[in-house]
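# Examining the three-dimensional arrangement
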Amino acid sequence: MQKVHSDHSPESITHSLCYLATDIRTPSNIGGLFRIADALGVENVYLAGTSLVPPNSKIRKISRATEQHVPHLYAENALSTALQLQAQGYRIVCLEITACSLALSQAPIAKGDRVCLVLGAEKDGVAKELLEIADMTVHIPMYGVNSSMNVTSACAIASYELIRKMASN
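Now for a description of the structure that goes with this document. (Residues numbered from 1 in each chain as written. Predicted model: local features only at pLDDT ≥ 70, side-chain atom pairs only at ≥ 80, totals over all residues. Heavy atoms only, no water.)

## Brief notes about the pattern of salt bridges
- The final tally for this structure, using the stated rule, is four salt bridges.
- Between Glu-67 and Arg-60 there is a salt bridge, with the nearest N and O atoms lying 3.1 Å from each other.
- Of the charged contacts in the structure, one is a salt bridge between Lys-128 and Glu-132, with a shortest N-O distance of 3.8 Å. Here Lys-128 pairs with Glu-132, and both are found in helix 4 (residues 128-133), just four residues apart, close to one helical turn.
- Lys-128 gets classed as exposed once you look at its relative accessible area, which sits at 59%. (Salt bridge = Lys/Arg side-chain N within 4 Å of Asp/Glu carboxyl O. Helix = DSSP H or I, 4+ residues; strand = E, 2+ residues; numbered from the N terminus. Buried < 20%, exposed > 50% of the residue type's maximum accessible area, 1.4 Å probe, protein only.)

Here it is, written out as structure tokens:
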């Protein structure tokens, strides 16, 4: 029998994973990132550049109001934010298909790592300057005719795998 929402009791687990969402201008994508972050215990969402930011009724609808519970900050400059996080001990991991990117399953993430997952707009991807300072760039292998997937879908897959790696070993 399916449970009802009132049966859920949050565990309040937070992982050392944050998102740096750059130039994501679609409300459903931003709302989806907040919903994923809440579901998986992501510690913070950084919205940068031209990314939409709460409060926004469309973001709230898609996020199911999780933007009220997930810590988030806006930073105009994604590169300076990434560099600050790197200086604080976060490994900068860009989610992007490049000539040098690793399959997500092969990413050398270990227990105890702190990770900032960098996400770019679907059309333009992650900016070159972020790729250049990244500790690694990862991709999700695609087996169909399309070479990529929606940023929120990719974020969910990447987050789950990164958290699994960060918690094991």
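## Re helix 1 (residues 27-40)
- Over its 14 residues, helix 1 extends 20 Å from the first C-alpha to the last, a length consistent with the 20 Å expected when each residue adds 1.5 Å.
- If you check which residues of helix 1 are buried, you get Pro-27, Asn-29, Ile-30, Gly-31, Gly-32, Leu-33, Phe-34, Ile-36 and Ala-37.
- Packing partners of the buried residues in helix 1 comprise strand 1 (15-22), strand 2 (42-48), helix 2 (57-63), strand 3 (72-75), strand 6 (114-120) and helix 5 (151-167).
- Following helix 1 by one or two positions, Gly-41 adopts a phi angle in the positive range, close to 75°. (Expected span 1.5 Å × (residues − 1). Contact = heavy atoms within 4.5 Å.)

## Describing the side chain of Thr-137
- Within the secondary structure, Thr-137 is located in strand 7 (residues 136-139).
- On the basis of relative accessibility, which here comes to 11%, the residue Thr-137 falls in the buried class.
- In contact with Thr-137, not counting residues within four places along its chain, are Cys-94, Glu-96, Thr-98, Cys-100, Ser-101, Leu-102 and Leu-131.

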